[in-house]
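# Overview (structure and organization)
As a plain string of letters, each chain reads:
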2 protein chains.
Amino acid sequence: MATISTLHMATLVNVFKVEPEKQDELAQILINATEQTMKHLPGFISASIHKSFDGKKVVNYAQWESQKDFEAMTRHPDAAKHMKLAAALAEFDPILCQVTDTVSAGV
Amino acid sequence: MATISTLHMATLVNVFKVEPEKQDELAQILINATEQTMKHLPGFISASIHKSFDGKKVVNYAQWESQKDFEAMTRHPDAAKHMKLAAALAEFDPILCQVTDTVSAGV
């Protein structure tokens, strides 16, 4: 489980466009990348992998303590290796952002 | 605060492309839509609004109890009114998906 709050400094929203028959494989690549590499890097908070119901997208919603930590990850050779595998299957467009507001039901 | 877990049945990831000088206005439209309309509809769990550091995107990460609840919202006239305001400022591409895995630091 992960939590979303305005306290998180850097959130990565990465939408991958994929052929539906490759969606499961891509999701597994991202889970492996997270388990084997990302979660051991400084500033990592969480990553949540999502599969679209239409089969055409995979979304990684990841939280880092700072932009600096996120950028250090992108320069790490192990991370680059995982992202190369993902890039072979999908186009993607990483968005680094901050949570400005969270509204929950009944609050 | 919101939580991400594989128990949530329907997650909306909606990426809005916006002119940087309109980013704040668009984020506010989405916050108003959530506070005034979405949060009162059946099946709403949470919505979190994000602004990209480069100014060019706003991301809404919203959780609904089911695809059916999400679809009912899209047909609600009040929701349509809010989305029309957003559409005047930005292109967007809603992705309805399910959380397949969440990995947290140190787990």
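Let me sum up the structure you'll find in this document. Quick caveat: nothing in here was measured; it's all calculated off a predicted structure.

Below, the discussion takes up the packing of helix H1 (residues 23-36) of chain B against helix H3 (residues 77-87) of chain B. Residues and elements named next belong to chain B. For the pair H1 and H3, interaxial distance at closest approach is 10 Å and the crossing angle is 175°. Here H3 runs roughly antiparallel to H1, going by the angle between their axes. Contacts between H1 and H3 involve Leu26, Ile29, Leu30, Asn32, Ala33 and Gln36 on the former and, on the latter, His82, Leu85 and Ala86. Residue classes in the contact of H1 with H3 are distributed as 6 nonpolar, 3 polar and no charged.

All names here are of chain A. The end-to-end C-alpha distance of helix H3 (residues 77-89) is 19 Å, a good match for the 18 Å that 13 residues give at a rise of 1.5 Å each. Listing the buried residues of H3 in full gives Ala79, His82, Ala86 and Leu89. Looking straight down H3, one finds its buried side chains confined to an arc of 75°; they lie on one side. Looking at H3, the residues exposed on the side facing more than 90 degrees away from the buried face are Pro77, Lys81, Lys84 and Ala88. Close packing links the buried residues of H3 with strand E2 (10-18), helix H1 (23-36), helix H2 (67-74) and strand E5 (90-104).

In this section: the pattern of salt bridges. Under the definition given, this model contains 8 salt bridges over all chains. Between lysine 51 of chain A and aspartate 24 of chain A there is a salt bridge whose closest N-O contact spans 2.5 Å. Within this pair, whereas lysine 51 of chain A is found in strand E3 (residues 44-52), its partner aspartate 24 of chain A is found in helix H1, the two being separated by 27 residues in sequence. Two residues, aspartate 93 of chain B and lysine 57 of chain A, come together in a salt bridge whose shortest N-O distance is 3.4 Å. Within this pair, whereas aspartate 93 of chain B is found in strand E5 (residues 90-104), its partner lysine 57 of chain A is found in strand E4 (residues 57-64), the two belonging to separate chains.

Chain A puts 42 residues into the contact, and the matching count from chain B is 42 residues. Taking both partners together, chain A and chain B bury about 3,800 Å²; carbon and sulfur atoms supply 61% of that area. Counting every contact that joins chain A to chain B gives 20 residue pairs in polar contact (both at pLDDT 80 or more). Those elements giving two or more residues to the side of chain A that touches chain B turn out to be strand E1 (2-4), E2, H1, E3, E4 and E5 of chain A. A per-element tally of the side of chain A that touches chain B places E5 of chain A first, with 11 residues. Along the lines of polarity and charge, the residues of the side of chain A that touches chain B split into 22 nonpolar, 14 polar and 6 charged. Pairing of E1 of chain A with strand E1 (residues 2-4) of chain B, which is carried by 3 bridges, proceeds in the antiparallel orientation. Across the sheet, the residue bridging to threonine 3 of chain A is threonine 3 of chain B, located in E1 of chain B.

Our next topic: the side chain of serine 46 of chain B. Topologically, serine 46 of chain B is positioned in strand E3 (residues 44-52). A distance of 2.6 Å separates polar atoms of two side chains, one belonging to serine 46 of chain B and the other to glutamine 63 of chain B. Those residues within four positions of serine 46 of chain B in sequence are excluded, and the remaining contacts are Val103 and Ser104 of chain A together with Ala2, Tyr61, Ala62 and Gln63 of chain B.

Glancing now at the sheet that holds strand E4 (residues 57-64) of chain B. Taken in spatial order, the 8 strands line up as E2(A)-E4(A)-E3(A)-E5(B)-E2(B)-E4(B)-E3(B)-E5(A) and close into a barrel, and their pairing is antiparallel. Pairs of neighbouring strands in the sheet enclose a mean axial angle of 35°, with direction left out of account. The sheet contact formed by E5 of chain A and E3 of chain B spans 7 bridges and is antiparallel. When the sheet's bridge partners are listed, cysteine 97 of chain A is paired in E3 of chain B with serine 52 of chain B. Relative to E5 of chain B, H3 of chain B is tilted by about 105°, and along the sheet it contacts strand E2 (10-18) and E5 of chain B.

With that settled, the discussion passes to the packing of aromatic side chains. Residues and elements named next belong to chain A. A full pass over the atoms with the stated rule returns 5 aromatic pairs over all chains. Aromatic side chains phenylalanine 16 and phenylalanine 92 sit 5.0 Å apart centroid to centroid with 40° between the ring planes, which places their arrangement in the tilted category. Of the two residues, phenylalanine 16 is situated in strand E2 and phenylalanine 92 in strand E5; the sequence distance between them amounts to 76 residues.

Analysis parameters
- Residues numbered from 1 in each chain as written.
- Chains lettered and ligands numbered in written order.
- Predicted model: local features only at pLDDT ≥ 70, side-chain atom pairs only at ≥ 80, totals over all residues.
- Heavy atoms only, no water.
- Axes fitted to C-alpha atoms, helices over the stretch in contact; angles between N-to-C directions.
- Helix = DSSP H or I, 4+ residues; strand = E, 2+ residues; numbered from the N terminus.
- Parallel < 35°, antiparallel > 145°, perpendicular 65-115°, else oblique.
- Contact = heavy atoms within 4.5 Å.
- Nonpolar A, V, L, I, M, F, W, Y, C, P; charged D, E, K, R; others polar.
- Expected span 1.5 Å × (residues − 1).
- Buried < 20%, exposed > 50% of the residue type's maximum accessible area, 1.4 Å probe, protein only.
- Arc of directions from axis to C-beta.
- Salt bridge = Lys/Arg side-chain N within 4 Å of Asp/Glu carboxyl O.
- Buried area = accessible area lost by both parts, 1.4 Å probe.
- Polar contact = N/O pair within 3.5 Å; in protein donor to acceptor, adjacent residues only side chain to side chain.
- Pairing = 2+ DSSP bridges.
- Phe/Tyr/Trp six-rings, centres within 6.5 Å; stacked < 30°, edge-to-face > 60°.

Geometric descriptors of this kind do not, in isolation, establish any biological role.
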